[in-house]
Amino acid sequence: MRSKYFQYTSWLMALLLLMASCKEEPYAVPVPKDALQNDCIKRSLGPNIVGNNIEFAYAMALPGDKGKLVSAQVEASIAGAATTYLEHRSYYTDGSGVDVGVEVATPSTNQGNVTTVNFSKDTNAVTLRYFYTIPEEARGKTISFKFSARSSNGETVNYSMGPYTIARMDIALDIPVMDAANCFISIEDMKAYDAVDAAAHAANIDLVYLYRAMPNVAFNHSLVSPGTKSEYLPGVVLPPGVNKVTKISKAWALRDNNLARDKYGIYIDDIDFQQLDIANAPDYAINLKEEAGAWIETADGKYRAYIYINKVNNGAQSAVISMKRYTMK
């Protein structure tokens, strides 16, 4: 018992000494540097998809008695698409939560992979937003950015961001589909065709959209393989040559943010398609709901896709869908 007492006492003393050594230091306001400074954050989330923007906020500042900002630029390792730009306005949020822009520079210009703004207002502290539109040339590659600013006293600063991986997938938004009209869906073309156009693109048709209100079957809005059994295509006349057998797997709670547009914090990325296994899935998905979706694998295995149901309209027997598509081979 005596031994245990001394062991406990020694442990307690050690704990008290540790607590004393961890005493919080008093807070001191950071002393600003007497020079031009910069910082940067990436604002956009989720996979970086060709055609979409990667958004950054680039901040730069120097003491008022040291001069003013002259210019800012961003150099991308791969030139962005033509719609790439660096904001010439600085934003603040008003009392209603609305972003209000204040013009501080002339509109940006792109020269190759460099985007530049020249300040037109006397300012020594500002945050500018940069929108890099991902070009086709960047698909499946990595990309980095070098932000820089220059002041009137000759100082320059740089800030590097990246590298960021650009997804291999494609995306198509808000494709209208309607029963007995533009109901033939091509994963390769990422479009919906009517019967006439479907006959002209028969080799590319993977799905049929249809709506059926049946008394004893919950059929409703459905995506069906054209090569499935006839009972899943009631009343459908297939154009000549439209006969593929496509794998389809329903997903109820997978609301991808890119497809649903900033409503949910879920993202489907390349790896999800790479690891997808729906080899035993059926060739139909009936009774689909708004904000539901379906995984797709084409008959030749060339593509995997995820189709999201943005809207449904029972009366018009129609829907609006969006899709992500990944090329397997």
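Residues numbered from 1 in each chain as written. Predicted model: local features only at pLDDT ≥ 70, side-chain atom pairs only at ≥ 80, totals over all residues. Heavy atoms only, no water.

## What about the domain arrangement of the protein chain?
- Partitioning the protein chain into domains gives domain 1 (37-165) and domain 2 (170-327).
- For domain 1 and domain 2, the distance between their C-alpha centroids amounts to 39 Å.
- Contacts between the two partners involve 6 residues from domain 1, matched on the other side by 7 residues from domain 2.
- Counting the surface lost from both domain 1 and domain 2, the interface buries some 520 Å², and carbon and sulfur atoms represent 57% of this.
- When the buried surface of domain 1 facing domain 2 is broken down by residue, P47, I49 and R139 rank first, second and third, together holding 69% of it.
- The shortest N-O distance in the salt bridge between R139 and D170 comes to 2.8 Å.
- At the surface where domain 1 touches domain 2, the tally comes to 1 residue pair in polar contact (both at pLDDT 80 or more). (Domains from an automatic or database assignment. Contact = heavy atoms within 4.5 Å. Buried area = accessible area lost by both parts, 1.4 Å probe. Salt bridge = Lys/Arg side-chain N within 4 Å of Asp/Glu carboxyl O. Polar contact = N/O pair within 3.5 Å; in protein donor to acceptor, adjacent residues only side chain to side chain.)

## Some thoughts on the side chain of D206
- Tracing the sequence through the fold places D206 in the loop between α2 (195-200) and β15 (207-212).
- Look at D206 and you get buried, because its relative accessible area is 2%.
- A polar contact is formed between the side chain of D206 and the backbone nitrogen of I187, at a distance of 2.8 Å.
- Dropping the residues within four chain positions of it, D206 is found in contact with I185, S186, I187, E188, V224, S225, P226, K244, T246 and T298. (Helix = DSSP H or I, 4+ residues; strand = E, 2+ residues; numbered from the N terminus. Buried < 20%, exposed > 50% of the residue type's maximum accessible area, 1.4 Å probe, protein only.)

## As for the sheet that holds strand β13 (residues 184-186)
- Read across the sheet, 5 strands follow the order β14-β13-β15-β16-β18 without closing on themselves; strand pairing throughout is antiparallel. Every other strand in the sheet has two partners, leaving β14 (191-193) and β18 (284-285) as the edge strands with one partner each.
- Here 2 bridges tie strand β16 (residues 220-224) to β18, and the two strands are oriented antiparallel to one another. Along β18, the bridge assignment pairs V224 with Y284. (Pairing = 2+ DSSP bridges.)

## Let's talk about the pattern of salt bridges
- The tally for this structure, following the rule as stated, stands at 15 salt bridges.
- Here E55 and R43 are joined by a salt bridge, their closest N and O atoms 2.6 Å apart. Here R43 lies in the loop between β1 (37-42) and β2 (53-61) and E55 lies in strand β2, a separation of 12 residues in the sequence.
- Given a relative accessible area of 16%, E55 falls into the buried group.

## Quick look at the sheet that holds strand β12 (residues 170-178)
- Taken in spatial order, the 5 strands make up an open sheet running β12-β21-β20-β19-β17, and their pairing is antiparallel. Both edges of this open sheet fall to β12 and β17 (247-251), since each of them pairs with a single strand only. In this sheet, neighbouring strand axes are inclined to one another by 25° on average, regardless of whether the strands run parallel or antiparallel. (Axes fitted to C-alpha atoms, helices over the stretch in contact; angles between N-to-C directions.)

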